[in-house]
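This is what each chain is made of:
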Amino acid sequence: MTIYDIAVIGKGLIGSAAARHLASNFPELRICVVGPDEPENRRTHKGVFSSHYDQGRITRVLDPSPLWGHLARESIAQYPVIEAVSGIQFHHRVGCLRATDIPERIQQVDDCADRFQPPHRRLDAAGCREAYPYLSFSDAFIAWDEGGEAGFINPRSLIAAQLKSAEDNGATVFRDIVSGIQRVGDCHEIHSREGKTRRARKILLTAGGYSNTLLEKKLRLRTKSHTILLAEVPPAVANRLKTMPSIISSFDNPQVDSLYMLPPVTYPDGKTYIKLGGSGWNEDFLDATKTDLELLDWFHSDGGQDTADALKIALHKMIPGLRTVSCHSAPCLVTNSAHGNPYVDALQEGSVYVATAGNGMGAKSSDEIGRIGAMLCATDDWHSELDRNEFRAVYHDAGLK
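The model shown is predicted, which means the values in this text are computed figures rather than measured ones. (Residues numbered from 1 in each chain as written. Predicted model: local features only at pLDDT ≥ 70, side-chain atom pairs only at ≥ 80, totals over all residues. Heavy atoms only, no water.)

Draft legend 1. Quick peek at the packing of helix α1 (residues 13-25) against helix α5 (residues 155-168). Two elements in contact, α1 and α5, have axes whose closest approach is 8 Å; the angle formed by their N-to-C orientations is 25°. Classified by the interaxial angle, the pair formed by α1 and α5 is roughly parallel. Crossing of α1 against α5: the hand is left-handed. Only Pro155, Leu158, Ile159, Gln162, Leu163, Ser165 and Ala166 of α5 make contact with α1, whose side of the interface consists of Leu13, Ser16, Ala17, Ala19, Arg20 and Ala23. Its residues assigned to classes, the contact of α1 with α5 shows nine nonpolar, three polar and one charged. (Axes fitted to C-alpha atoms, helices over the stretch in contact; angles between N-to-C directions. Helix = DSSP H or I, 4+ residues; strand = E, 2+ residues; numbered from the N terminus. Parallel < 35°, antiparallel > 145°, perpendicular 65-115°, else oblique. Left-handed = near helix turned anticlockwise from the far one by under 90°. Contact = heavy atoms within 4.5 Å. Nonpolar A, V, L, I, M, F, W, Y, C, P; charged D, E, K, R; others polar.)

Draft legend 2. Geometry of the pattern of salt bridges. This model, assessed by the stated rule, comprises 21 salt bridges. When the shortest N-O distance is used, the salt bridge between Asp302 and Arg43 registers 2.5 Å. Linking Asp302 in the loop between α7 (293-300) and α8 (305-318) with Arg43 in the loop between β2 (31-34) and β3 (57-59), this pair joins segments that are 259 residues apart in sequence. Residue class for Asp302 comes out partly exposed when judged on its relative accessible area of 35%. Residue classification places Arg43 among the partly exposed positions, given a relative accessible area of 43%. The closest approach of N and O atoms between Lys164 and Asp168, which form a salt bridge, is 3.0 Å. With Lys164 and Asp168 both in helix α5 and four residues apart, this pair spans about one turn of that helix. According to the relative accessible area criterion, Lys164 is partly exposed, its value standing at 34%. Each of Lys11, Asp37 and Arg175 takes part in one network of salt bridges that share partners. (Salt bridge = Lys/Arg side-chain N within 4 Å of Asp/Glu carboxyl O. Buried < 20%, exposed > 50% of the residue type's maximum accessible area, 1.4 Å probe, protein only.)

That is the geometry; function is a separate question.
What follows is the structure, encoded as structure tokens:
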């Protein structure tokens, strides 16, 4: 039986990034990544799911958190590299408009703009209306219209690009569902639901909301239900809105804490949708500490109907007079850490490592999160100018390590 030097468990956005960095930076190591493909039928699938089964995730540097701004900047800088080495396009430079009327948030984003200086212009509500006459804004809004590399990524395509690069550099991809990890001597046995057993000296766990199902000592992870709305638009509307940026807004809707909206994007069913989501209401925390069954029930659903109804109202407030063909909702999952940053840490030094918890912001920054986790696992050193303590794993029964 082949003994791998490092096995990455989970081949989502962070896991696929980690696999690429391991394979490209450490050609002398035997690397594998284990995780299932997207199921053909969500309704009947009995295995694990992932929220990256989607066509659009917003990418931008400007953020209230300097840590997340840094992770985004470093990841975005790698997009053209990943596209070039894989031959797979996933990045769409349509810009990102971030708007808010919250004074604290305005100061935070201004500070981020000063720190990282991405190409952008700062607009008041009148400037927003002039630049984007088809959108509606509160008179109190301040906005940052970020250009350059801002826009959206296709998460399915990004993962495909990362995995192709990893395989081209010698990594092996196993498309199985991991059911358990067992320490045997100086190795770990990785068991899959498909009946396969593989061995590795080190484990890098990147399984998102399912991470605790594979750990004896549980991390403090909160997996939160999240509902998105997909509003189908006819070709004429899609053409009219083809220059629309990605949007993040606090919005003047008391039910919505934060709203995000993507421009019209074509999905695998051939239809074009405006994707909308928000946070701050009707979101339940799901228990994935011991089993993934509750997550399975959630992913078999259509999400929350009340949330979908609120998103429809928000959509038509944001784009007055918008003509849609149909709307449907879908379930998503957000994995939160205790401190709001990813967990990138050694759970057992020299043996088990973790890089997980996107906190609803991980897609755009996944390459840098995966890189930091990969380097830590391979070298036991911290390869980032960010403070390692900001990424420490937190357990259910303990504080920061």
